[in-house]
Amino acid sequence: MGVMITLISVYINSYQIFQWDSQLLWKILLAASPEFVWIANIMFANNICDAHEDEMNNRHTIVHYLGVKTSVWLWNALNILAIALIFVGIYLGVYPIALIAIVVMLQMIIKQMRLFTQKQVKRETFVCAVKILINGSLELCLGFLIYLIYSLVA
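Residues numbered from 1 in each chain as written. Predicted model: local features only at pLDDT ≥ 70, side-chain atom pairs only at ≥ 80, totals over all residues. Heavy atoms only, no water.

## Quick look at unusual backbone geometry
A positive phi angle, near 55 degrees, is found at asparagine 58, a position not held by glycine. Take asparagine 58: it is sitting in the loop between α3 (51–56) and α4 (62–66). Using a relative accessible area of 60% as the deciding quantity, one classes asparagine 58 as exposed. (Helix = DSSP H or I, 4+ residues; strand = E, 2+ residues; numbered from the N terminus. Buried < 20%, exposed > 50% of the residue type's maximum accessible area, 1.4 Å probe, protein only.)

## A few points about the packing of aromatic side chains
Across all of its chains, the model carries 3 aromatic pairs by this definition. Seen in terms of ring centroids, tyrosine 95 and phenylalanine 144 are 6.0 Å apart; in terms of plane orientation they differ by 75 degrees. Their pairing is edge-to-face. Residue tyrosine 95 is found in the loop between α5 (68–91) and α6 (103–118), and its partner phenylalanine 144 is found in helix α8 (residues 127–153); the two are separated by 49 residues along the sequence. Of the residues examined, tyrosine 95 reaches a relative accessible area of 6% and is grouped as buried. (Phe/Tyr/Trp six-rings, centres within 6.5 Å; stacked < 30°, edge-to-face > 60°.)

## A word on the pattern of salt bridges
Applying the stated criterion across every chain, the model contains 4 salt bridges. We note a salt bridge from glutamate 53 to arginine 59, for which the minimum N-O separation is 3.5 Å. For glutamate 53, a relative accessible area of 44% translates into the label partly exposed. Residue classification places arginine 59 among the partly exposed positions, given a relative accessible area of 38%. Note that glutamate 124 and lysine 119 form a salt bridge whose closest N and O atoms lie 2.7 Å from each other. Classification of lysine 119 by relative accessible area gives partly exposed; the value is 39%. (Salt bridge = Lys/Arg side-chain N within 4 Å of Asp/Glu carboxyl O.)

## Quick notes on a nonpolar patch on the surface
Among the surface-exposed residues, Met4, Ile8, Tyr11, Ile12, Tyr15, Trp20 and Leu25 lie close enough to one another that they form a single nonpolar patch of about 760 Å² accessible area. Within the element layout of this structure, isoleucine 12 appears in helix α1 (residues 2–14). (Patch = residues over 30% accessible without salt bridge, like charges linked within 9 Å, V, L, I, M, F, W, Y side chains within 5 Å. Areas by Shrake-Rupley, 256 points an atom, 1.4 Å probe, with all protein chains shown as cover.)

Written as structure tokens, this is what we have:
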């Protein structure tokens, strides 16, 4: 979902000059990657929170095969990966430097990761994954807005 929305947006906004090539597709993939990692992590958090119920109903999600402890570790690793991909995107010039604004959200993201790591109860901590996606996305939007304002003024 995250990749296709980004790809379609790029194509629609540049179809007159759009050239299909692997370099551009890799850049689009990198640009979309933090969002699709966070979206996937929402579904993963849902599976983690439902692990006990899924076992009782003989549903075998990825959490069944990895175990809850390993799944929570992987969930945290994927959140760190999403942040790292933003910095990689900045370094490679896919994102503007203004997206460094994501550091403002790091403390909140770490707090939500800790809450979810301590307890995986859907009614209480599933929202942590949603908060990470929303706040991370808003911070990316803020970074793009800062870049837009700067480029209009400069």
